[in-house]
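Chains, contacts and geometry: an overview
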Amino acid sequence: QVQLVESGGGLVQAGGSLRLTCVASGGSFNNYIMGWFRQAPGKEREFVAAISWSGGSAIHADSVKGRFTISRDNAKNTVYLQMNSLKPEDTAVYRCAGDSKPYGISRSATRYDDWGQGTQVTVSS
């Protein structure tokens with residue numbers, strides 16, 4: 001089990017950029033598939049992106065493809081979400097999550113066992 005702490009959220013104008021950071025502690029980060037999810041008020045939780053333990057494979061939701069990029073630095077126990085060309089519809093609480101099972105990258109939130117508290121991202125029009 002790992003503890004996850006996100007940071008980097010904030011208020012930004014449409015078209016702007018933010019980089020979210022998620023730092024892991026207390027577990028073997030190198031063995032974890034990491035994902036980012038988001039949830040807007042009144043909406044269901046939504047998959048954003050996920051990355052393999054090595055960083056060699058990554059997937060992104062269609063809604064963010066070409067604008068967001070997930071990456072990781074295993075030496076720093078950290079996963080990042082670079083968000084460019086932000087839109088008002090990207091406004092949500094963003095949470096990182098970890099999956100230690102050896103079944104490959106998943107878009108399903110039920111596959112992830114460990115979750116951070118989240119960081120708020122607000123995009124103004």
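Residues numbered from 1 in each chain as written. Predicted model: local features only at pLDDT ≥ 70, side-chain atom pairs only at ≥ 80, totals over all residues. Heavy atoms only, no water.

Digging into the state of the cysteines
Filter applied, for reference: Two cysteine sulfurs form a disulfide in these notes if their separation is within 2.5 Å. Helix numbers and strand numbers start at the N terminus; a helix is a DSSP run of H or I with at least 4 residues, a strand a run of E with at least 2. Only protein chains enter the accessibility calculation, which uses a 1.4 Å probe; a residue whose area is less than 20% of its type maximum is buried, one above 50% is exposed, and one in between is partly exposed.
Within this structure, the stated rule accounts for one disulfide. A disulfide bridge connects Cys 22 with Cys 96, and the sulfur atoms are separated by 2.0 Å. Because the torsion about its S-S bond is 50°, the bridge between Cys 22 and Cys 96 counts as right-handed. Of the two residues, Cys 22 is situated in strand S3 (residues 18–25) and Cys 96 in strand S9 (residues 92–99); the sequence distance between them amounts to 74 residues. Of the two residues, Cys 22 and Cys 96, neither departs from the other in class, the shared state being buried.

Description of the environment of Thr 119
To be explicit about the condition: Two residues form a contact once any of their heavy atoms are found within 4.5 Å. As used in this structure description, the phrase polar contact means that two N or O atoms lie within 3.5 Å; if the pair is within protein, one of them must be able to donate a hydrogen and the other to accept it, and residues adjacent in sequence are counted only when both atoms belong to side chains.
On the secondary structure map, Thr 119 appears in strand S11 (residues 119–124). In sequence terms Thr 119 and Leu 86 are 33 residues apart; their C-alpha atoms lie 16 Å from each other. With residues up to four places along the chain from it excluded, the contact list for Thr 119 reads Glu 6, Ser 7, Gly 8, Gly 9, Leu 20, Ala 92, Val 93 and Tyr 94. Reaching out from Thr 119, the side chain makes a polar contact with the backbone nitrogen of Gly 9 at a distance of 3.1 Å.

Some remarks on the pairing of S3
Heads up, the condition is: Criterion used throughout: strands pair if DSSP finds at least two bridges between them.
Here five bridges tie strand S1 (residues 3–7) to S3, and the two strands are oriented antiparallel to one another. Within S3, the position partnered with Glu 6 by the bridge is Cys 22.

Here we look at the nonpolar core
Heads up, the rule is: Here, the term nonpolar core denotes a set of buried Ala, Val, Leu, Ile, Met, Phe, Trp, Tyr and Cys residues that are joined through side-chain atoms within 4.5 Å.
In terms of nonpolar packing, the biggest core is built from 35 residues, with Trp 36, Leu 81, Met 83 and Tyr 94 touching the most fellow members. For this core, the leading source of residues is strand S5 (residues 46–51), giving five residues. Excluding residues that lie within four positions of it along the chain, Leu 81 makes contacts with Leu 18, Arg 19, Leu 20, Trp 36, Val 48, Ala 49, Phe 68, Thr 69, Ile 70 and Tyr 94.

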